[in-house]
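# Fold and contact review
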Amino acid sequence: MKRTVRSYPATVLTLSPVELRARLKCPPEQVQALLDIWLPQVRASAVCRVCAVETEIHRNGGLHLGSLTVESHGLEAVLNGCDCALVMAATLGAGTDRLLMQAALRSPAQQYIADAVASALIEALCDRAEDDLCAGRPHTHRFSPGYGDLPLGIQPDLLNLLDAHRQIGLALTDSLLMTPTKSVTAVIGLRNPTL
Amino acid sequence: MMNIMEAVARRRLYFDGGMGTLLQGMGLAPGAAPERWNLSHPDRIASVHRAYLDAGCDIIKMNTFGINELRFDDPETLIEAAAQCARSAIGDRTGKYMAYDMGPTGKLLEPLGNLPFERAVEIFGRCVRAAVQAGADLILIETMSDAYETKAAVLAAKENSTLPVFVTNAYDGTGKLMTGADPAAMVALLEGLGVDALGVNCSVGPDQLTQVVDTLCRYASVPVIVNPNAGLPSSVDGKPVYSIGPAEFAAYMVPLAQRGAAILGVCCGTTPEYIAALIADTQNLPYALPERKPDTLVSSYTHAVTIGEVPLLIGERINPTGKKKVKEALRRGDLEPLLRDGLMQADAGAHLLDVNVGLPDIDEPAVLVELVQRLQAVTDLPLQLDTTHPEAMARAMRIYNGKPLVNSVNGTTESMRTIFPLVKKYGGAVIALTIDENGIPDTAEGRCAVAEKIVRCAEDFGIPRKEIIVDPLAMAVSADPSSAKVTLDAIRLIKARLGVATSLGVSNISFGLPAREVVNASFFGLALGAGLDCAIMNPFSVGMMQTYHAFNALMAHDPNCASYIAHAAGWATPSAAVPAATPQKSRDVGGLKDAICRGLREEALREAQVLLQTTPPLTIIETEIIPALDEAGRTFEQKTTFLPQLLVTAETASAVFDLIKAAMPAAAQDSTRKVVLATVRGDIHDIGKNIVRVLLESFGFTVIDLGRDVAAETVLQAVQAHACKLVGLSALMTTTVPAMGDTIALLRKEAPGTTVVVGGAVLTQEYADRIGADFYAADAMETVRFAQKFYA
């Protein structure tokens, strides 16, 4: 089992235009003036942190990833052909949540744009972390709790495996929402290159 | 055995090292709780303690880091077992101390998470009581990465024990806590709360801590603790390996000890060899306790400001006195206008914000607490808590996330007996008004005498005089021609004689005069010249801001006059800052409806003002606003425009609507079309709900917005209190949709006849049917259309 903890300056992250458009539900150029206000502010508010564990996958009555046990056909299908997996968590930190609360006070349109930008930024952070963690090895796409049949109920064990509260300040509410809110957890399968 | 504080007064003390690394070597599985071993493997826990004691440490941390009632059903049993392990390791050694080790709850506190502050105090309090029972020598609060949670833990320690309290925070590579606090902010907060030693642990190695330790030693008057990791973790063959070895670690610690760190130790990734090397290299270095520092600090959750260096501006706008709109907002429980005012004062350049909600007919303690909690969520400016209500002051100081400025104490015995115990307990710098039972002295000498009495009384309460900021009171010069002179003389006298900082509510001086701003700005300049350290003032006053920036430029507070020049650019066109008072005719762009559709706020407001001169308000609503919104809604539904554009249109329409409503007789305003909105319990997402709100408001509905994470009972109460028949509920997560079902069930039972619309990312028609909703709205416009039909 191998642990990684690292942080990134938000300035090195590249927002995907496709992701931004999807989050805004609108062509970005249509709201350019608001984007010009919020893109730099969201970047400035973020302290981008990632932690991950690389572990062998054991399959007997469910999937065992380190201390994490998962029952999910969806994840099993994704991890098919993989011997190892990365379990990861990423967050933009509490500063971005505060900025979003500020934006909400200024106006719902501002909140909407700021929130969309922050969502695109956390995806950009995950993309970058995925590249760095996989380091050129063939791998699956990210699969997150809440997708398909992978329940949110595994979040406490997943965050415990990662020691995510201590390492990157990520916690869960009683209803299993992640706080700070602009955070992502995911599992990535590392493909066995010989297969 | 001498108390640990007596011991630290004589020599450098050493903590032990990390427990986790050693236990994993003994077979503790990754992810398993080491605290369970207090019961199952007490011999192994004791052997780790013994190894560190053999290496020479003075203080061992009990194996209790993660124990609390959120994680374990039986904290008391585990804590008692941990104490037995520690005690058996100490055996008959003398001069050794066992620290109750209290780590974070693992939850984020409100408003960033959902753990209420008082609940955190309760959780920590239970552990502290068990620690006292188990015989701990001190409480060590450690690895805290959030200022607010740290405060909760310290309060719990102080309220449930008389043991010494040590606190170490986890600063990351940027030199801040995860939630943003810098070291100076933590010194202000922790010394205000009366901790016995403070410092840093975990997170990074000693090589990255120079800046943090320097700042801690620069501001702290209590001993500074440094317990770093052995560098950064990596792993070899599945086992964690840290980047810095024992000898290198000790070498990095030497300069930190020389910079003033008094208590040393190590954290994650370390073994007894690290402690032995650390002690060998640092025990013979010169040692002294820190000096008492003179700085007057107040802080927010991110940073501290020093009163007494560059003069500071305290924004005075959050105050109902003389402000009809603020009074109305407070009476209906709507704090948003006050929060927005706070943000605008921050934008305008205030360094602190005064917070006053004093109205006779509201529950001042409850409202002040809520406002402070919400303000400190959105602004990082330190707050000045301004109330004459003792309970309101006590509760606001308790939940404040930092060290507040307290406004105010005065020279009466009653005031000092009320305020000083609060300052002693919660920490704070205090504005002291030079008034006592005999009124306000007429002379500078007299005011200085009252100030001196207050300073001495504070010292009797154990509050150093640096925490007192004297306000020698600006009185209307129109009533007494010498009043300004007396105040200015008093500033000079008080600073010279008592050595304390000063503050003034500047604009009182011009009361009763025309063109008050001219007098205010001149007096402000004179007061700054006399040595005024902070001013309670209106940061939107251009004249006073000009005086302030000019003063700083003239007095070498503004290198290269950079700040002055930057601000002066904004003063060159003063009319731009003020909304155009006279409407301009510019009808060539298509009129009000077009301006609303295109979301051009200024233009729309201008058009509306022009129209109002010739057209009845209701006609404007019917022929301009509603058609504009209908068109925007229709193009959105046809997918030719997009949600952000619809929102901008709706906001513009709302602004115009407010302007037009102000011109309508009250009787003509239709406030019967009400909707109660809430994001349900457990869910902290409010964006969808806010979108629905702005659209409903723009269409003229009255929205009672209950916010996010709202209990079913609160929704019911609002429905009953406002006699509202239409409720909108939002939930974003599968885990919170059941709370939506519970809310509907409660409404069905207690308020039959209520219609419930539901929406949110994970909802579907099927799910809405299952939880018994009346209508499922797939997007915000559907909610509006439904509400229109409902009230048709």
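Residues numbered from 1 in each chain as written. Chains lettered and ligands numbered in written order. Predicted model: local features only at pLDDT ≥ 70, side-chain atom pairs only at ≥ 80, totals over all residues.

Of the regular secondary structure elements, chain A holds seven helices and eight strands. What you see for chain A is a C-alpha radius of gyration of 17 Å, in line with the 16 Å of a compact globule of 195 residues. In terms of overall dimensions, chain A has a C-alpha envelope of 55 × 35 × 30 Å along the principal axes. Out of the 195 residues belonging to chain A, those deemed buried represent 57%. (Helix = DSSP H or I, 4+ residues; strand = E, 2+ residues; numbered from the N terminus. Rg over C-alpha atoms; globule rule 2.2 N^0.38 Å. Buried ≥ 20, exposed ≤ 12 C-beta atoms within 10 Å, placed from the backbone.)

Moving on, we get to unusual backbone geometry. Across the junction of T179 of chain A and P180 of chain A, the peptide omega takes the value -5 degrees, indicating a cis bond. In this fold, P180 of chain A is placed in the loop between strand 7 (178-179) and strand 8 (183-191). Residue P111 of chain B follows E110 of chain B across a cis peptide bond; omega there is 5 degrees. By the secondary structure assignment, P111 of chain B is in the loop between strand 3 (97-102) and helix 6 (117-134). In this structure, A556 of chain B takes a positive phi of about 65 degrees despite not being glycine. As for its position among the elements, A556 of chain B is in the loop between helix 20 (542-554) and helix 21 (562-571).

Another aspect to go through is the interface of chain A and chain B. At the interface, 43 residues of chain A touch 47 residues of chain B. Mapped by element, the contributors of at least two residues to the side of chain A that touches chain B are strand 1 (2-8), helix 4 (94-106), helix 5 (108-134), helix 6 (155-162) and helix 7 (164-168) of chain A. A class-by-class count of the residues in the side of chain A that touches chain B yields 19 nonpolar, 16 polar and eight charged. (Contact = placed C-beta atoms within 7 Å. Nonpolar A, V, L, I, M, F, W, Y, C, P; charged D, E, K, R; others polar.)

Annotation of chain B at the domain level lists domain 1 (4-282), domain 2 (296-540), domain 3 (587-662) and domain 4 (670-790). Taking only C-alpha atoms into account, the centre of domain 1 of chain B sits 46 Å from that of domain 4 of chain B. (Domains from an automatic or database assignment.)

Bringing the sheet that holds strand 2 (residues 59-61) of chain B into the picture now. The sheet built from eight strands is open, its strands ordered 1-10-7-6-5-4-3-2 (chain B) with parallel pairing. Whereas interior strands pair on both sides, the edge strands pair on one side only; in this sheet they are strand 1 (13-14) and strand 2 of chain B. (Pairing = 2+ DSSP bridges.)

Side chains of nonpolar character tend, in soluble globular proteins, to be buried together. If you look at the biggest cluster of nonpolar residues, it comprises 338 residues, and the most contacted ones within it are V87, L121 and L125 of chain A together with A136, I139, L198 and I469 of chain B. It is helix 5 of chain A that contributes the most residues to this core, 14 residues altogether. (Core = buried A, V, L, I, M, F, W, Y, C linked by C-beta atoms within 7 Å.)

What follows deals with the packing of helix 6 of chain B against helix 7 (residues 147-160) of chain B. All names here are of chain B. Direction vectors running N to C along helix 6 and helix 7 enclose 45 degrees, while the axes themselves pass 8 Å from each other. What the angle tells us is that helix 6 and helix 7 run oblique. Like other packed secondary-structure pairs, helix 6 and helix 7 cross with a definite hand, here right-handed. Here F117, A120, V121, F124, G125, V128, R129 and V132 of helix 6 lie close against helix 7, whose contacting residues are Y148, E149, A152, A153, L155, A156, A157, E159 and N160. (Axes fitted to C-alpha atoms, helices over the stretch in contact; angles between N-to-C directions. Parallel < 35°, antiparallel > 145°, perpendicular 65-115°, else oblique. Left-handed = near helix turned anticlockwise from the far one by under 90°.)

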